[in-house]
Amino acid sequence: PLATTGDLVTRAAAARRAVAAFNIITLEHVEAVVAGAETAGTPVVLQVSENAVKYRYGRLLPLARAAVAAAERATVPVALHLDHVQSDTLLRQAPQAGFSSVMYDASRLPYAENLAATRAAADWAHARGLWIEAELGQVGGKNGQPPLDAHAPGARTDPAEARAFVADSGVDALAVAVGSVHAMTTRTATLDHDLVKRLAGTLDVPLVLHGSSGLPDGELAAAVAHGITKVNVGTALNIAMTGAIREYLAARPEAVDSRGYLTVGREAMVRTVVEIVRALGGPPPG
Ligand code: G3H
Ligand code: ZN
């Protein structure tokens with residue numbers, strides 16, 4: 001059934017677990033994430049980034065409608081989340097399109113501007129019953145930008161600053177920069193686990209990990225153990241899909257039916273979803 005992100009995150013936090021949130025781009029992504037979550041027996045979040053909307057000719061509704069339909073028929077709870085939103089025009093479309101939550105991303109701005117923009121977005125979102133996540137300390141690597149030096153100022157979220165940011169903005173969850181980077185194609189990143197623990201101890205909102213594709217299973221499990229409650233995964237699905245399609249087409253230069261390669265691409269994504277949600281701790285108790 002269609003669930004809300006706020007409920008899934010609250011339940012995950014109470015069980016000291018994390019909910020996985022996968023970025024969807026095509027209908028195959030939608031189907032694969034739901035199938036993988038059903039196989040593993042875990043709730044899941046389908047998230048649509050502003051970049052994915054741009055790819056879909058700037059239109060949110062076609063993919064959103066497909067995601068809502070898939071969520072309604074799913075045997076596990078599935079929520080819809082709008083990810084990395086910078087555009088107010090897109091933000092305003094969230095409630096009517098079936099999204100229960102948004103990630104408002106002003107993390108590229110200096111602190112005061114990030115806070116002001118995020119606070120305005122949070123007020124707007126809460127007036128419409130939306131759960132809102134924001135980011136402080138940039139998780140680099142979006143839109144082809146070079147990853148930030150892991151030790152550069154801004155590449156780590158400062159706990160005291162984060163506490164003030166959450167209190168002053170009123171957001172429901174915070175994306176934190178703790179060593180992961182967006183769009184990694186190897187699972188070789190390591191997190192600053194001491195910082196994750198300090199942030200979890202300092203903040204009373206759930207912590208969100210971005211750029212999770214770059215982390216091996218053990219790092220993901222440790223992040224959850226140390227207090228991460230929502231784990232965002234995008235690139236890992238595309239690595240799986242594209243790799244499977246490349247292999248399929250290389251072996252079949254005569255292939256023309258798109259269902260052939262999309263099937264293997266979708267199946268590869270299902271396996272990735274199952275592996276990642278199991279790395280986060282398997283099905284919830286009870
Ligand atoms: O918000 C989305 C995530 O941070 C995805 O990052 O593509 O590096 O897994 P990733
Ligand atoms: Zn992200």
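How each quantity is defined
Residues numbered from 1 in each chain as written. Chains lettered and ligands numbered in written order. Predicted model: local features only at pLDDT ≥ 70, side-chain atom pairs only at ≥ 80, totals over all residues. UniProt positions renumbered as here; feature names shortened; annotations may be inferred. Helix = DSSP H or I, 4+ residues; strand = E, 2+ residues; numbered from the N terminus. Buried ≥ 20, exposed ≤ 12 C-beta atoms within 10 Å, placed from the backbone. Contact = placed C-beta atoms within 7 Å. Near = placed C-beta within 6 Å. Nonpolar A, V, L, I, M, F, W, Y, C, P; charged D, E, K, R; others polar. Expected span 1.5 Å × (residues − 1). Pairing = 2+ DSSP bridges. Core = buried A, V, L, I, M, F, W, Y, C linked by C-beta atoms within 7 Å. Axes fitted to C-alpha atoms, helices over the stretch in contact; angles between N-to-C directions. Parallel < 35°, antiparallel > 145°, perpendicular 65-115°, else oblique. Left-handed = near helix turned anticlockwise from the far one by under 90°.

Attention shifts here to the UniProt feature "binding site: Zn(2+) 1" (unreviewed entry) in the chain. The positions that UniProt labels "binding site: Zn(2+) 1" (unreviewed entry) are, in the present scheme, His84, His182 and His210. The greatest C-alpha distance among the residues just named is 11.8 Å, despite their covering 127 residues of sequence, which places them together in space. The residue histidine 84 is located in strand β4 (residues 78-85) in this model. Taking the number of C-beta atoms within 10 Å as the measure of exposure, histidine 84 has 27 and is therefore buried. Among the secondary structure elements, histidine 210 is positioned in the loop between β8 (207-209) and α9 (217-225). Ignoring anything within four residues of it in the chain, the contact list for histidine 210 reads Val139, Ala175, Ser180, His182 and Asn232.

Our focus in this paragraph is the site of ligand 1. In the region of ligand 1, 15 residues are neighbours, and His210, Ser213, Asn232, Gly234 and Thr235 sit closest. For the shell around ligand 1, the elements supplying multiple residues, two or more each, are β4, β9 (228-233) and α10 (235-251). The residue makeup of the shell around ligand 1, split by class, is four nonpolar, ten polar and one charged.

Glancing now at α10. Turn by turn, an α-helix covers 3.6 residues, leaving residues three or four places apart pointing in a common direction. Compared with an ideal rise of 1.5 Å per residue, which puts 17 residues at 24 Å, α10 spans 24 Å between its outermost C-alpha atoms and is within 8% of the ideal. Looking at the buried positions of α10, the neighbouring elements they touch are β2 (19-23), α2 (27-40), β9 and α11 (258-279).

Both faces of strand β7 (residues 173-176) are covered, namely the face carrying Ala173 and Ala175 and the face carrying Leu174 and Val176. Where strand β6 (residues 131-136) lies against β7, four bridges are found, and the strand directions are parallel. When the sheet's bridge partners are listed, glutamate 135 is paired in β7 with alanine 175. Pairing of β7 with β8 involves three bridges; the strand directions are parallel. What sits directly across from valine 176, in β8, is leucine 209.

Those residues carrying the UniProt feature "binding site: Zn(2+) 2" (unreviewed entry) are Asp105 and Glu135 in this numbering. In sequence the annotated residues extend across 31 residues, while in space they remain close, none of their C-alpha pairs exceeding 5.9 Å. Take aspartate 105: it is sitting in the loop between β5 (101-104) and α6 (111-127). For aspartate 105, a count of 25 C-beta atoms within 10 Å translates into the label buried. Inspection of the secondary structure puts glutamate 135 in strand β6. Residue classification places glutamate 135 among the buried positions, given that 24 C-beta atoms sit within 10 Å. Look past the residues within four positions of glutamate 135 in its chain and what remains in contact with it is Asp105, Ser107 and Ala175.

Before going further, it helps to spend a moment on the nonpolar core. Grouped together as the largest cluster of nonpolar side chains are 90 residues, with contacts concentrated most on Ala20, Leu46, Val102 and Leu174. The biggest single contributor to this core is α11, with seven residues. Leave out the neighbours within four places in its chain, and valine 102 touches His81, Leu82, Val85, Leu91, Ala94, Ala125, Leu130 and Ile132.

The next thing to look at is the packing of α2 against α11. Close contact between α2 and α11 brings their axes to 8 Å; oriented N to C, the two are set at 40°. What the angle tells us is that α2 and α11 run oblique. Seen from above, α2 lies across α11 with right-handed handedness. Taking contact as the criterion, the partners of Glu28, His29, Glu31, Ala32, Val33, Ala35, Gly36, Ala37, Thr39 and Ala40 in α2 are, on α11, Leu262, Gly265, Arg266, Met269, Val270, Val273, Val274, Val277 and Arg278. Along the lines of polarity and charge, the residues of the contact of α2 with α11 split into eleven nonpolar, four polar and four charged.

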